[in-house]
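One-letter residues, chain by chain:
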Amino acid sequence: MNILLIMPEALRPMNLHCCGYAKQTSPFIDKLAREGVLFRNAIAQTAHTYPGVASIYTGLYPHTHELEAEESYNRIKEISWSYLKSRREFKNWETPLDILKRKDYRIIGKYGGSISQPLGCTTDIHDEGGILKAIEKYKDNEFLIMDMSYRTHIAYQAEPPYDTMFLPEGYKVTDNFKKYEQMVKETGHGYILNPKLVSKKYQKAKTATAWKVFTLSKEDRPSIIARYDGALRMLDMEIETYIKKLEELGILDDTLIIITSDHGEEILEHGSLGHASCSMAGTLYEENVRIPLIMRYPKALPQGKIIDTQIGQVDIMPTIFDMLGLSMPEGTEGHSLMPLIKGEKVDFNEETYLETLKCGWQTLPDDGRMLWAVRTPEWKLIFNYDYKNEEDKGSYELYNLKNDPGEKHNLIDKEPEIAKTFENKLNKKIKDRLASLNRR
C-alpha cells in the first residue's frame, strides 16, 4: 500500500463544500470524500505548523514531543531526536517513519532539514522535484509521500480568475483590502500584525520575517474570504493533478490518499488573520484548530462514509499502521480510527489535548505566553499563561461548543463544576510541560 499524505497549510474544513460550505470551492476534494471516508470533527493538536506535523508523524501530543519553537527545531535538526530519546520513557523509541523505512518504504516529506528527515523522511519533496516527479520516480516502490501546498497559507495564493471568482455579487472590494494586496506584493508575503492584539515589542522586533503592521476589519472579510476560497479552488485543481498521475500510472487504488492539514486558520472570527506564527496572536479557538480529514483507499475503506466522532491529528499515523498490520511505537498517544470506520462498537476516547505558543515559531526568547486546551465534542477548556512572567497567575476560558460553536460566551464563572473537572484533566499535563520548559 502506497500512502499519499496531502497536508495543505491552513486548510479550513468550514470552507470545503463537502463539509457543508455553500460555495463550490472543492469539487475534486468532494469527489474524493464521496469515494472514501470523511471525518467531520477532526482536531489539530496545535495552531502552527511544526508541532502539528510532528504530531501527525509520531502519534504524540505536542506536550510529549515538545517540538514547539525555533529553538527546539534547530536542536532536533542538529541532534536528531537525541533530546527526546534522553528521556527514560523514550530511550529505545523509534519513529513511525523509521519503522516504515525498515519495511523498505520510500519516505518523502517537506521541511526536510528541520523536521521531516530527523523524524524519518528519506528526502525532501523539493529535492525530488515536486510531488508529481516523486510519484513517477517511486511508482514501483512502496512510498509515503507528503506534500504541503502553500495555496491556502496566508497570503492566499489565488490567481485570476480565481481571485475574484467567489466575491459576493455586487460586492465592491474595499480600499483597505487593496492596500493589503499591495503590501503583499511589496513584502512577498501576507503576514499581518494586528496592533490591537500584539505587543509593541513584536511590532518592532526583527524576526525572521519582515513584519508589517496592518489592521483589517469586518468590512474587509468578504474580500479575504473570496481570496481564500479562490486559493482553495486552485488547491483543488492541484490535488486533481496528483490523483490523475496515480491513475495514469495504474497505482491509484493501491494508494491510500489522505487529505488533512497542519492546523486551521482564523479569518477575523476573533479579530485576527492567520494562525499563531503569522498573526502573532495565536489562539486555540475552533477556526484555528478544526482541520479536514478525508481517507480514500477502496481496498480497505468504505465509500461515502461520514464520521462525526471527534478525532485528533495524533490518530492519523496509528490508523495508517493499523491498515498496514504494523504496531506503533510504545508510548503512542493516538489511536487507530479503523474501528470507527468499520462501525465496530468501540468506546472511542473523544477527549483531545491542544497547546500552542502565542506567536508560534516566531516566538521571541523572552516570550513565555502559551495556551493549553482540553476538548470534547461538547466542551472546551482553554488555559492562558505566561510561564516566564512570575506575576501571571493564568486565566481559563470555558465554552459549550454545542450551544456556542463560535466561542463567544466564556462560561468559566457560570459552570464551576464542569470547569473544575476539565481543569483537573489539564493541570497535570500543564505541570509536566512547564517543568520541561523551565529546565531549558
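The structure this text deals with has already been given above.
Novice: A description of the overall build of the protein chain should follow, citing residues and the corresponding values.
Specialist: Counting its regular elements, the protein chain contains 17 helices and 17 strands. By the burial criterion, 60% of the 440 residues in the protein chain qualify as buried. In the structure as shown, the protein chain presents an accessible area of about 18400 Å², 47% of it carried by carbon and sulfur atoms.

Novice: Lay out the sheet that holds strand 14 (residues 352-357) with the relevant residues and their values.
Specialist: Either a parallel or an antiparallel arrangement is found when strands of a sheet pair, and the pairing is made through backbone hydrogen bonds. Strand order in this open sheet of 4 strands is 14-15-16-17, and the pairing throughout is antiparallel. In this open sheet, the two edge strands, each paired with only one partner strand, are strand 14 and strand 17 (395-400). The sheet shows a mean angle of 15° between the axes of neighbouring strands, taken without regard to direction. The sheet contact formed by strand 16 (residues 379-386) and strand 17 spans 6 bridges and is antiparallel. Looking at the pairing, N384 lines up with S395 of strand 17.

Novice: Please set out the environment of L119 residue by residue, giving values where relevant.
Specialist: By secondary structure assignment, the location of L119 is in helix 7 (residues 112-119). It is 8.2 Å that separates the C-alpha atoms of L119 and P96, two residues lying 23 residues apart in sequence.

Novice: Quick one: what's the story with the nonpolar core, residue by residue and with numbers?
Specialist: In this structure, I145, Y180, I239, I243, L246, I259 and L273 are the most contacted members of the largest nonpolar core, which totals 47 residues. Where this core is concerned, the elements lending two or more residues are strand 1 (2-6), helix 1 (27-34), helix 8 (131-137), strand 5 (143-147), helix 10 (175-187), helix 12 (221-248) and strand 8 (255-259). Top contributing element to this core by residue count: helix 12, with 10 residues. Not counting residues up to four positions away in its chain, the partners in contact with I259 are I6, L11, I29, L32, I239, P292, L293 and I294. The next biggest cluster of nonpolar side chains, apart from the first, holds 43 residues, and it includes A44, L67, L293 and I316.

Novice: With reference to specific residues and values, describe the packing of helix 1 against helix 12.
Specialist: Relative to each other, helix 1 and helix 12 sit at 55°, their axes nearing to 7 Å. With respect to helix 12, the element helix 1 is oriented oblique. Packed against helix 1, whose contacting residues are P27, F28, I29 and L32, the element helix 12 presents R233, D236, I239, E240 and I243 at the interface. Residue composition of the contact of helix 1 with helix 12, by class: 6 nonpolar, no polar and 3 charged.

Novice: Just give me the short version of the pattern of salt bridges, but keep the residues and values in it.
Specialist: Taken as a whole and assessed by the stated rule, the structure comprises 21 salt bridges. For E351, the salt bridge goes to K425, with nearest N and O atoms at 3.1 Å. One end of the pair, E351, is in the loop between helix 16 (338-342) and strand 14; the other, K425, is in helix 17 (residues 416-439), and 74 residues separate them in sequence. Salt bridges here are not isolated pairs; linked through shared partners, they connect K31, E35, D253 and R296.

Novice: Could you give an account of the pairing of strand 15 (residues 369-375), naming the residues involved and the relevant values?
Specialist: Summarising burial for strand 15: 6 of the 7 residues are buried, a large majority. Of the strand pairs in this sheet, strand 14 and strand 15 are connected by 6 bridges, and their pairing is antiparallel. By the bridge assignment, Y353 is partnered in strand 15 with V374. Here strand 15 pairs with strand 16 via 7 bridges, running antiparallel. Note that in strand 16 the partner of R375 across the bridge is K380. Counted between consecutive antiparallel strands, the loop separating strand 15 from strand 16 contains 3 residues.

Quick notes on the rules
Residues numbered from 1 in each chain as written. Predicted model: local features only at pLDDT ≥ 70, side-chain atom pairs only at ≥ 80, totals over all residues. Heavy atoms only, no water. Helix = DSSP H or I, 4+ residues; strand = E, 2+ residues; numbered from the N terminus. Buried < 20%, exposed > 50% of the residue type's maximum accessible area, 1.4 Å probe, protein only. Areas by Shrake-Rupley, 256 points an atom, 1.4 Å probe, with all protein chains shown as cover. Pairing = 2+ DSSP bridges. Axes fitted to C-alpha atoms, helices over the stretch in contact; angles between N-to-C directions. Core = buried A, V, L, I, M, F, W, Y, C linked by side-chain atoms within 4.5 Å. Contact = heavy atoms within 4.5 Å. Parallel < 35°, antiparallel > 145°, perpendicular 65-115°, else oblique. Nonpolar A, V, L, I, M, F, W, Y, C, P; charged D, E, K, R; others polar. Salt bridge = Lys/Arg side-chain N within 4 Å of Asp/Glu carboxyl O.

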